[in-house]
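Coordinate inspection notes
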Amino acid sequence: MASSLSQTVLFSILLLLSLHQACAKKTHLHFYFHETILGPNATVLTSVRAPNSTSDALAFGAIAVVDDILREGEDENSTLIGRCQGLVAEVGMDGSRETIQNFVFTEGKYNGSTLAVYGRHVSATTMERPIIGGTGMFRMSKGYTTGVPLLVTAAKVVYEFDVYVWHKEK
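Residues numbered from 1 in each chain as written. Predicted model: local features only at pLDDT ≥ 70, side-chain atom pairs only at ≥ 80, totals over all residues. Heavy atoms only, no water.

Per an unreviewed UniProt entry, the chain goes by Dirigent protein and derives from Rhynchospora tenuis. UniProt, in its Function (unreviewed entry) section for the chain, records the words "Dirigent proteins impart stereoselectivity on the phenoxy radical-coupling reaction, yielding optically active lignans from two molecules of coniferyl alcohol in the biosynthesis of lignans, flavonolignans, and alkaloids and thus plays a central role in plant secondary metabolism." Per UniProt, the comment on the chain under Subunit (unreviewed entry) is "Homodimer." (UniProt positions renumbered as here; feature names shortened; annotations may be inferred.)

Structural data, given as structure tokens:
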């Protein structure tokens, strides 16, 4: 009896999940992430210095806040589409970072919408992180992002992003 009830509950959950997926809209976004590390217009700031560090550079144990720029193109003068705002913590002895970020769209079709992205990142490598939610046009969203480094210097970072998101149609 209990086994039959468990199977019915499991079947119901799987049915609901498949219906949600069938009703979800898939959207592909393509944009460029621009981060300025040095200078008066820096978009990343170390807010908690690593315990064994004498500089503001990110090192194991450090935490930074970011307010990076999302643009349509690789060029720093291309159209602004939003911001990437959040926290970055140096969590690995290998230089890996834990990121908690929101892609905040400020222009175009998705103006006022956000995507919440969480996951691991190692500097200057291709990254893949899950989308764990969203607001506005991206309510009830899930998916993933991939970021490929195009420019990594001591002063600036540019990544090319592809975002694949399934969300409720609004």
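Here the narrative resumes.
1. Here we look at the nonpolar core
The biggest cluster of nonpolar side chains holds 19 residues, and the ones touching the most others in it are Leu 29, Phe 31, Phe 103, Phe 105, Leu 115 and Val 163. Those elements that place two or more of their residues in this core are strand E1 (24-36), strand E4 (80-90), strand E5 (96-105), strand E6 (114-122), strand E7 (127-135) and strand E9 (156-168). Per element, the largest residue contribution to this core is 5 residues, and it comes from E9. Not counting the four nearest positions on each side in its chain, Val 163 is found in contact with Thr 27, His 28, Leu 29, Phe 31, Phe 103, Leu 115, Ile 131, Tyr 144 and Thr 145. (Core = buried A, V, L, I, M, F, W, Y, C linked by side-chain atoms within 4.5 Å. Buried < 20%, exposed > 50% of the residue type's maximum accessible area, 1.4 Å probe, protein only. Helix = DSSP H or I, 4+ residues; strand = E, 2+ residues; numbered from the N terminus. Contact = heavy atoms within 4.5 Å.)

2. A closer look at the side chain of Thr 99
Relative to the helices and strands, Thr 99 resides in strand E5. Apart from the residues lying within four places of it in its own chain, the contact partners of Thr 99 are Leu 87, Val 88, Val 117, Tyr 118, Gly 119, His 121 and Arg 129.

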